[in-house]
Amino acid sequence: MSHENSQHVVVVGTKPDIIKQAPIYHELRERGHDVVLCHTGQHYDHNLSQSMLDEFGVQEDINLEVRGGVNDLVSGITAKLAQYLRGFAERGGFPITYVHGDTTTAMAGALATFGERQALVHVEAGLRTLSPRPEVLRGWIEQGADLDWASFREQSRDRASWSRGSREPSPEQFNTRVADAGSDLHAAPVELNREFLLDEGFAPAAIDVVGNSVVDALEQAIAGSDKNQVLERFPQMGDGSFLRFCVHRRENTTNRERFNLLMDAMESLLEQGHHVLFIRLLGTESAIDTFGRRQWLEDLEARYGDALISTPVWDSYLDVVAAMSMCAVIVTDSGSIVEEANVLEVPCVTLRFGSDRSETFLAGSNFLAPPIDKDLMTSVIHHVFEHRAELSWERVYPEKASAMLVDAVERRLDEGSLLISEEWRYGLTARKR
């Protein structure tokens, strides 16, 4: 496998895929590589797909147009992508496929390349969830509304407070493990991800810590964003007091008890005098209707007026970044937003039982508010809000991640191949196809 006959197939399927894969696509093209963008069709609404493609200056070369539930997506993407990749090989080329993170598209993409025995680069590899040790979590729950901030903050930054093994977020933790199992190059964002991969037995030489391409995407978005556009729509955000509140994970939006706790916590924050920017994603909208919260939300909007901005997810990533940078605290169950908050220097609270971006806990930019006790959740969020001025941290994701990733790919091509073998793993032979 050489530079000359390699085709770089950058696969996207979701909004985060597009945001984080676009910088890698551009980096490959700028270096003169043969690159195609393959969209699986997993996300197809304009504000989750086409608007992102437009903003980041990329256009799909092929759309597999796969639709349906999880199993439909997995089987459809695997079959269609494998057929597409097979075409390159039949014409004498050697595809190098890039999948991102922990999406269904990433997992199915790994299945497709593994079946074809073709090279796979896993962008944002090694995402594994750290959750509080049982005794730590029980201590937080017992404190509830009387949470001791100093102790909580110290425990949050202590690696000894955390343990591995969570199956949440689901299905993301399943997806990322499958994708890693089929990868030839694990492009890990931080050293913690490398540690997880090594503990699971992956070859050290197959892992490169290359940062997170979200940094490259954010730099572009920050340069092009205009806070005034957001303030024209929502002038009340100008005082920097808003909490950006969003939930969309399946484990939160398909579980009645958890979702109701989360919504009750948001209402309690409003009752305490906080201002809330409530972003409603597709899963949020479904849960609101499924669990009978639509009238409750309308009543909440009427009661709190300008103190509550309730809105569907926005089309423009530039506006999203501008709004996040103006918020006091970001409260979310998202993984990607946790990364963005770390770079934007806005403190974050994660509404889950752990995080697969746990490096942000250890850095002190992110704090956990598990959806098990309303008093605990509101207490964590309120404390982070009250102490936000004293919070500081070193950014955990370095600049120029896309360049580092492509450097890692090119180095392996110079060695002869990306594909790994047992002989290579033992150092008995050079990389070869």
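For clarity, every value in this text was computed on a predicted model and none was experimentally measured.

Another point: the pairing of strand S10 (residues 242-246). A large share of S10 lies buried, amounting to five of its five residues. Judged by which residues are buried, S10 turns out to be covered on both faces: Phe242, Arg244 and Cys246 on one side and Leu243 and Phe245 on the other are all buried. In this structure, S10 lies alongside strand S11 (residues 275-280), joined through four bridges in parallel fashion. Bridge assignment links leucine 243 to a residue of S11, and that residue is valine 276. Taken together, the four bridges between S10 and strand S13 (residues 329-332) define a ladder with parallel strand orientation.

Moving on to the sheet that holds strand S14 (residues 348-350). With respect to topology, six strands assemble into an open sheet ordered S12-S11-S10-S13-S14-S15, the strand pairing being parallel. The outermost strands of the open sheet, each flanked by one partner alone, are strand S12 (308-312) and strand S15 (366-368). Put simply, the sheet's adjacent strands are angled 20 degrees from each other on average, direction ignored.

Among the nine residues of helix H16 (residues 336-344), nine are classified as buried, and the element is accordingly described as predominantly covered. For H16, the set of buried residues is Ser336, Ile337, Val338, Glu339, Glu340, Ala341, Asn342, Val343 and Leu344. Glutamate 345 sits one or two positions beyond H16 and adopts a positive phi of about 60 degrees.

Attention now goes to the pattern of salt bridges. Considering all chains together, one arrives at 29 salt bridges under this definition. A salt bridge links lysine 20 to glutamate 339; its shortest N-O distance comes to 2.5 Å. Of this pair, lysine 20 sits in helix H1 (residues 15-30) while glutamate 339 sits in helix H16, placing them 319 residues apart in sequence. Taken as a pair, lysine 20 and glutamate 339 share a single burial class, namely buried.

For the bond running from glutamate 168 to proline 169, omega is 0 degrees, close enough to zero to count as cis. Tracing the sequence through the fold places proline 169 in the loop between strand S7 (162-164) and helix H7 (172-181). With an omega of 10 degrees, the peptide bond between serine 170 and proline 171 qualifies as cis. Summarising the element assignment, proline 171 is placed in the loop between S7 and H7. Residues other than glycine seldom take positive phi values, yet arginine 117 does so here, at roughly 55 degrees. On the accessibility criterion, arginine 117 (43% relative accessible area) is partly exposed. One non-glycine residue, glutamate 345, adopts positive backbone phi at about 60 degrees. Tracing the chain through its elements places glutamate 345 in the loop between H16 and S14. On the basis of relative accessibility, which here comes to 62%, the residue glutamate 345 falls in the exposed class.

For helix H4 (residues 104-116), with 13 residues, the first-to-last C-alpha span of 18 Å sits near the 18 Å given by 1.5 Å per residue. Contacts from the buried residues of H4 go to strand S1 (6-12), H1, helix H3 (70-90), strand S4 (94-100), strand S5 (119-123) and H7. Backbone geometry just downstream of H4 places arginine 117 in the positive-phi region, at approximately 55 degrees.

The subject of this paragraph is the side chain of threonine 78. Structurally, threonine 78 is set in helix H3. With relative accessibility at 19%, the residue threonine 78 sits in the buried group. Within the structure, the side chain of threonine 78 is placed 2.6 Å from the backbone oxygen of valine 74, a separation counted as a polar contact. If we skip the residues at most four places from it in the chain, threonine 78 touches Leu73, Ala108, Leu111 and Ala112.

About the thresholds
Residues numbered from 1 in each chain as written. Predicted model: local features only at pLDDT ≥ 70, side-chain atom pairs only at ≥ 80, totals over all residues. Heavy atoms only, no water. Buried < 20%, exposed > 50% of the residue type's maximum accessible area, 1.4 Å probe, protein only. Helix = DSSP H or I, 4+ residues; strand = E, 2+ residues; numbered from the N terminus. Pairing = 2+ DSSP bridges. Axes fitted to C-alpha atoms, helices over the stretch in contact; angles between N-to-C directions. Salt bridge = Lys/Arg side-chain N within 4 Å of Asp/Glu carboxyl O. Expected span 1.5 Å × (residues − 1). Contact = heavy atoms within 4.5 Å. Polar contact = N/O pair within 3.5 Å; in protein donor to acceptor, adjacent residues only side chain to side chain.

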